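As a plain string of letters, each chain reads:
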Amino acid sequence: MVEAHSQAQQIKEVVYRILDANLDRAREGLRIIEEWCRFGLNDAHLAGECKRLRQEVGNWHTAQMRAARDTPGDPGTDLTHPQEEQRSSITSLLQANFCRVQEALRVLEEYGKLYDPNMGSTFKQMRYQVYTLESTLMGYQRHQLLWRSHLYLVTSPLESLLEVVEAALKGGLTLVQYREKTTDDVIRLEQATQLRQLCHNYGALFIINDRVDLALAVNADGVHLGQQDLPIAIARQLLGTQRIIGRSTTNAQEMQKAIAEGADYIGVGPVYETPTKVGKAAAGLEYVSYAAKNCAIPWFAIGGIDASNINDVIDAGARRVAVVRSLIQSEQPTLVTQYFISQLHRK
């Protein structure tokens, strides 16, 4: 009887240690997220939500649990992973800490049932609240970065595609669209997965051309739709409110329609005739000037833009441009990226 009591006490002490460690982990992760909401975004509402969750976690952290802590005897203090040693961007930092908080809350939900029946249900609901906070904050981050992006690379098939895209990212590129019309879906999925990881490593947005299903499969930041693709409303229903949806437009009517339907950004063009859009007449610099005066959402002039004519496009009113061949086929994509960005910031 005494032995059974002793064993039960040992199990209780282990549960206390588990709860103590994960309460600390959840609070630490929430504080890291809170600091960005407070100082990085100056968003009192998001910072307040983090603080509320953090304090609710703290309310469960009893003296019994703290007393069970054995940091010197914890083998987990020596465990580490290379990814924990570096953070490539604010986005990756936030994502890592959301994962940390969510894992801790799941542990608290399960082991908490052994401590107090209410603890399991409380942390289950809190985990859902953190999922919602993550969607809101990461969506906020995406849209903030979209507004700050001035150069947009749209890819075309290339054997060294990853190397070229990475070189452009090193030059300051923050927005990439994967466009592949002809290859098999297996190859598309592999390439898109690699590009998404590469873009996120550099803190850049990754958009998929046309394919909402592929965008969801690789957790892309959004999708770009042509005039003949899915309606924006259907894409929004599938992607949710936090991902980015862009729409190609060639004239004022298409622009106004895209804005009314809820596009997050639009393409304006083709400014010049381009082999990327075979048989499509150039919209010209007049449409660029119209967009400059009438478009309230981010827009990117696109179509045949290169180093020889980018200043004409800028003079017509463009502050953002999308390019394909001038970067993909460049021998020095890093330098070309830096040149484009410098020109786009000269006014």
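An account of the accompanying structure is given in this report. (Residues numbered from 1 in each chain as written. Predicted model: local features only at pLDDT ≥ 70, side-chain atom pairs only at ≥ 80, totals over all residues. Heavy atoms only, no water.)

**Overview of the packing of aromatic side chains**
A complete count under the given rule lists seven aromatic pairs for this structure. Ring geometry for Tyr 16 against Tyr 115: centres 6.0 Å apart, planes inclined by 75°, an arrangement best described as edge-to-face. With a gap of 99 residues between them, Tyr 16 in helix H1 (residues 2-40) and Tyr 115 in the loop between helix H4 (90-112) and helix H5 (117-148) connect regions that are remote in the sequence. Exposure remark for Tyr 16: the relative accessible area of 9% places this residue in the buried category. (Phe/Tyr/Trp six-rings, centres within 6.5 Å; stacked < 30°, edge-to-face > 60°. Helix = DSSP H or I, 4+ residues; strand = E, 2+ residues; numbered from the N terminus. Buried < 20%, exposed > 50% of the residue type's maximum accessible area, 1.4 Å probe, protein only.)

**Regarding the sheet that holds strand S3 (residues 205-209)**
Here eight strands make up a closed barrel; going around it, the order is S1-S2-S3-S4-S5-S6-S7-S8 and the pairing parallel. If you compare each strand with its neighbour and ignore which way they point, the axes differ by 25° on average. Bridge count between strand S1 (residues 151-154) and strand S2 (residues 175-178): two bridges; the pairing is parallel. What sits directly across from Leu 153, in S2, is Val 176. The sheet contacts of helix H9 (residues 232-239) involve strand S4 (222-225) and strand S5 (244-249), and relative to S5 the element is tilted by about 160°. (Pairing = 2+ DSSP bridges. Axes fitted to C-alpha atoms, helices over the stretch in contact; angles between N-to-C directions. Contact = heavy atoms within 4.5 Å.)

**Here's the deal with H9**
Among all positions in H9, only Ile 232, Ala 235, Arg 236 and Leu 239 are buried. On an axial view of H9, the arc spanned by its buried residues comes to 100°, and they lie on one face. Residues of H9 that are exposed and angled more than 90 degrees away from the buried face: Ala 233 and Gln 237. Looking at the buried positions of H9, the neighbouring elements they touch are helix H8 (212-217), S4, S5 and helix H10 (252-260). (Arc of directions from axis to C-beta.)

**Comments concerning the environment of Ile 90**
Residue placement: Ile 90 occurs in helix H4. For Ile 90, a relative accessible area of 32% puts it in the partly exposed group. Separated by 112 residues in the primary sequence, Ile 90 and Tyr 202 have C-alpha atoms spaced 9.8 Å apart. Those residues in contact with Ile 90 that sit more than four places away from it in its chain are Trp 36 and Gln 141.

**Points about the packing of H10 against helix H11 (residues 284-294)**
For the pair H10 and H11, the least separation of the axes is 11 Å and the interaxial angle reads 35°. Along this stretch, H10 crosses H11, giving a crossing that reads as right-handed. Packed against H10, whose contacting residues are Ala 252, Met 255 and Gln 256, the element H11 presents Tyr 287, Tyr 290, Ala 291 and Asn 294 at the interface. In the contact of H10 with H11, the residues fall into five nonpolar, two polar and no charged. (Left-handed = near helix turned anticlockwise from the far one by under 90°. Nonpolar A, V, L, I, M, F, W, Y, C, P; charged D, E, K, R; others polar.)

**Structural notes on the pairing of S3**
Counting buried positions along S3 yields five of five residues, so the element is predominantly enclosed. Residues of S3 alternate between two faces, with Leu 205, Ile 207 and Asn 209 on one and Phe 206 and Ile 208 on the opposite face, all of them buried. Bridge count for S2 against S3 is four bridges, and the pairing is parallel. Within S3, the residue paired with Gln 177 across the bridge is Ile 207. Between the parallel pair S2 and S3, the chain is carried across by helix H7 (residues 185-201), and the sense of this crossover is right-handed. For S3 and S4, the ladder comprises three bridges, and the chain directions are parallel. Bridged to Ile 207 within S4 is Gly 222. With respect to chirality, the unit in which S3 leads through H8 into the neighbouring parallel S4 is right-handed. (Right-handed = clockwise from strand over helix to strand, strands pointing away.)

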